[in-house]
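Here's the letter readout for the chains.
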Amino acid sequence: MKRRKFLIGSGVAVAGASALWTMDQYGLAGNQGNPYLQGNFAPVKDQVLTDQLKVVGEIPKELSGLYLRNGPNPMTSPNHKKYHWFSGEGMLHGVRIEEGKALWYRNTRVQLDGSSPNTHVISHADKIYAIVEAGGRPVEIDQQLNSLASEPFHGTLRTGFSAHPKLDSTSGQMHAICYDYANDLDNVHHVTVASDGRIKAAQAIPLPSRSMVHECAITKNYVLVLDLSILFSFYMLGRGYFPFSWSDEHQARIGLLNRHDGSDEIKWFDIDPCYVFHTVNAYEDDQGNVILDAMRYQRLFDNDWNGPFSEEPSLLTRWVLNVRQGTASEQQLDDMPTEFPRIHPELVGQFNRYGYCLGVGAELKPDFGRIIKYDLVNQRSDIAELGAEKMAGEPVFIPAASQQSEDEGYLMTYLYDRSLDKSDLVIYNAQELRSGPIAEIKLPQRVPFGFHGSWVAG
Ligand SMILES: [Fe+2]
């Protein structure tokens, strides 16, 4: 457990330390096949429901809700050479908690008419959806994790959707940048979901690069369009691989689209080549600059088309877009590889002091081995090292009921114990991360490394 100063002084992003970052360090390399099908990346085949859950420690009494997480879980045997981590069918793992008691754990496949979104699971306007990008239809999920036959967004969705819509807590609207290159090679769509859960607008935005737009960000006035260095590839598609790869030719850029006026005009800011799966947050400062914090890859999907972890680490980076001058500056904020960032859910698009993420690799302790809390104002981080045998996932922040400060609340994540080959749902006090979990809910099986999830209160 440690606390560290994380800001590095040069103000210039540096190339990632790729030498520190190989599959050998994960213990996953070798001739036995695709690393994303081995260890705790491997799928589980059983769908389990149990109400016999042992708890070590104490779950806060104020917590009532459902913790849900989605991830890839191929049910048949994929081609090891061509399988990409992002392509397995979706499986949900959920734990129901009521007034501090863990009532049940369940895992279910996401399945509806051949659609199996695998990336995220969100709640909005009293509905829960499993979601994915690239044209996959969102699937509504009930409180028991069953896939429902209902049409997503009350039947109003006419385009693809995204795995990362951004909820503006002040308006209740969700914004997403959505691509579906199989059906529209020339455009992405800015989709706005109204607070009543119906699509309010789906605005076509020409994007000739056909870049992989995994996420967006919002501010008070803008939606940020990330047109970065990974592009759709017919070459890869034709050979049966994941159809996106790195491009040195494409000018990476961040676009600002006015969120309110319905115009499709975008103000573009050129940036150095990079890729970003996940933004921490974006907001506007007092001068009208747009601040974007995100996990930046120096290079990706250039010679490994199975997953993101073997080429370059992802590093917390800040871009400042000077809207008046039309310029962008970039600063790497930390040299510790991190991914899966989350913040206070009500601060999306507004100033945030804290960010929470998963440490995904370091020289001596690679592999999802720490949970990191960033204080972006004081430029410090708190780090909970998990120990040699334990590996976590995305830490979801849940605000305390009577919150006095931004970080008063809890972090929840699944934690895999390699020595037992099982997982726990762990809960941390977000203000005392380094004290370790306040509760560990022992699950009957392991939860494979997956992607994203949500706390659905109530
Ligand atoms: Fe993601």
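Residues numbered from 1 in each chain as written. Predicted model: local features only at pLDDT ≥ 70, side-chain atom pairs only at ≥ 80, totals over all residues.

1. Remarks on the overall build of the chain
Cut-off, in case you're wondering: Counting from the N terminus, the helices are the DSSP runs of H or I reaching at least four residues and the strands are the DSSP runs of E reaching at least two. Computation of the radius of gyration draws on C-alpha atoms alone. For the globule rule, the value is 2.2 Å times the number of residues to the power 0.38. Exposed residues have 12 or fewer other C-beta atoms within 10 Å of their own C-beta, buried residues have 20 or more, and partly exposed residues fall in between, where C-beta atoms are placed from the backbone. Contact definition: two residues whose C-beta atoms, as placed from backbone geometry, lie within 7 Å.
If you tally the helices and strands in the chain, you get one helix and 33 strands. At 21 Å, the chain has a C-alpha radius of gyration in line with the 23 Å of a compact globule built from 458 residues. Seen through its principal axes, the chain has C-alpha atoms that stretch 55 × 50 × 50 Å. When each of the 458 residues of the chain is scored for burial, the buried share is 50%. Sequence-distant contacts in the chain: of pairs separated by 6 or more residues, those separated by 24 or more amount to 57%.

2. Details of the environment of His93
Summarising the element assignment, His93 is placed in strand 5 (residues 90-98). Using a count of 29 C-beta atoms within 10 Å as the deciding quantity, one classes His93 as buried. Each residue touching His93, except ones within four places of it in the same chain, is listed here: Arg69, Asn107, Tyr414 and Val447.

3. Notes on the confidence of the model for the chain
Just so we agree on the cut-off: The score called pLDDT rates the predictor's confidence residue by residue, from a low of 0 to a high of 100.
Confidence in the prediction for the chain averages 91 pLDDT; 92% of positions are at 70 or higher. Segment residues 7-31: pLDDT under 50, and 38 contacts once partners within four positions in sequence are set aside and those in other chains are kept.

4. Thoughts on the sheet that holds strand 7 (residues 120-124)
Stated precisely, the cut-off is as follows: Strand pairing follows a simple DSSP-based rule, namely that at least 2 bridges must link the two strands. Where helices are involved, their axes are fitted lines through C-alpha atoms of the stretch in contact, as for all axes, and angles between N-to-C directions lie from 0 to 180°.
Spatial ordering of the open sheet is given by 7-8-9, a layout of three strands whose pairing is antiparallel. The sheet is open, and its two edges are formed by strand 7 and strand 9 (139-141), each paired on a single side. Across the sheet, the mean angle separating the axes of adjacent strands is 35° when strand polarity is ignored. Alignment of strand 8 (residues 127-131) against strand 9, held across three bridges, turns out to be antiparallel. The residue of strand 9 that forms the bridge with Tyr129 is Glu140.

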